[in-house]
Amino acid sequence: MAIKKRVPYNAAFVACNGGCRQSKDDPSCNYGCIGCGACIDACKFGAISFNEHGVAEVQEEKCVACGMCAKACPQSIITIHDCANRIVVKCSNQDKGAVARKECEVSCIGCGICEKTCTASAIKVINNCANINETYCLSCGMCAVKCPRGAIYDLKGIYTLAR
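Summary of the structure given here. (Residues numbered from 1 in each chain as written. Predicted model: local features only at pLDDT ≥ 70, side-chain atom pairs only at ≥ 80, totals over all residues. Heavy atoms only, no water.)

1. Looking at the overall build of the protein
- Counting its regular elements, the protein contains five helices and eight strands.
- Sequence-ordered secondary structure for the protein, helices as α and strands as β, is β-α-β-β-α-β-β-α-α-β-β-α-β.
- By residue count, 45% of the 163 residues in the protein fall in the buried class.
- Total accessible area computed for the protein in this model is approximately 8,700 Å², and 52% of it derives from carbon and sulfur atoms. (Helix = DSSP H or I, 4+ residues; strand = E, 2+ residues; numbered from the N terminus. Buried < 20%, exposed > 50% of the residue type's maximum accessible area, 1.4 Å probe, protein only. Areas by Shrake-Rupley, 256 points an atom, 1.4 Å probe, with all protein chains shown as cover.)

2. Let's talk about a nonpolar patch on the surface
- Taken together, the side chains of Met142, Val145, Ile158 and Tyr159 present a nonpolar region at the surface, about 360 Å² in accessible area.
- Mapped onto the elements, Val145 comes out in helix H5 (residues 142–146). (Patch = residues over 30% accessible without salt bridge, like charges linked within 9 Å, V, L, I, M, F, W, Y side chains within 5 Å. Salt bridge = Lys/Arg side-chain N within 4 Å of Asp/Glu carboxyl O.)

3. Let's talk about the pattern of salt bridges
- Overall, the coordinates contain two salt bridges when judged by the stated rule.
- Here Glu60 and Lys156 are joined by a salt bridge, their closest N and O atoms 3.9 Å apart. Separated by 96 residues along the polypeptide, Glu60 in the loop between strand E3 (56–58) and helix H2 (68–72) and Lys156 in the segment after strand E8 (152–154) bring together distant segments of the chain.
- Arg86 is the partner of Asp154 in a salt bridge, and the nearest nitrogen-oxygen pair spans 3.5 Å. Of this pair, Asp154 sits in strand E8 while Arg86 sits in the loop between strand E4 (78–82) and strand E5 (87–89); the two residues are 68 residues apart in sequence, bridging distant segments of the chain.

4. Considerations on unusual backbone geometry
- In this model, Asn127 sits at a positive phi of 55°, which is unusual for a non-glycine residue.
- Looking at the secondary structure, you find Asn127 in the loop between strand E6 (123–126) and strand E7 (129–132).
- Of note in this structure, Asn128 is not a glycine but carries a positive phi near 65°.
- On the secondary structure map, Asn128 appears in the loop between E6 and E7.

5. Examining the layout of surface pockets
- Size it by volume and the largest pocket reaches roughly 460 Å³.
- What lines the largest pocket is a set of 22 residues, and nearest its centre among them are Ala15, Thr79, Val89, Cys91 and Asn131.
- Among the secondary structure elements, those contributing two or more residues to the lining of the largest pocket are E4, E5 and E7.
- Broken down by element, the residue count for the lining of the largest pocket peaks at four residues, all from E7.
- Looking at the lining of the largest pocket residue by residue, the classes come out as 13 nonpolar, eight polar and one charged. (1 Å grid on protein atoms, 1.4 Å probe; cavity = no way out; pocket = protein on both sides within 12 Å on 5 of 7 lines; lining within 4 Å. Points joined across faces, edges and corners; volume = space filled by probe spheres on them. Nonpolar A, V, L, I, M, F, W, Y, C, P; charged D, E, K, R; others polar.)

What follows is the structure in structure tokens.
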């Protein structure tokens with residue numbers, strides 16, 4: 001069922017890129033998607049599915065931003081996101097750099113390069129993980145381009161490869 005959206009609109013967003021290849025049986029990252037399917041079961045619009053890494057992924061065009069998936073997620077990594085802002089942090093890891101680097105090949109290590117690069121002061125590193133304040137974000141993409149780990153990227157694939 002296609003839903004006509006007004007711009008700007010909101011949709012759910014999963015803050016995990018699957019670089020840790022975590023599962024319920026082998027929790028290598030305490031912060032990533034465990035592939036339990038609770039969000040898929042909670043979504044009445046068929047907007048969520050697993051990607052090739054076993055991580056939940058939201059199809060923005062189907063999502064109505066009801067928030068049921070966010071409530072159902074045991075990892076609390078699903079949020080409602082302003083789709084006009086295409087720059088996102090696809091990581092929720094709060095471990096310090098060296099530990100995060102070992103757990104996931106594309107985790108945020110809290111280095112702060114994104115925070116220093118952002119001319120709008122929209123990014124802050126909180127608990128060793130970058131967080132974007134969508135109210136201030138200009139979607140210029142400089143943080144995504146400068147991120148040494150690829151944890152920040154452009155959902156549209158303009159500044160970074162779409163994943």
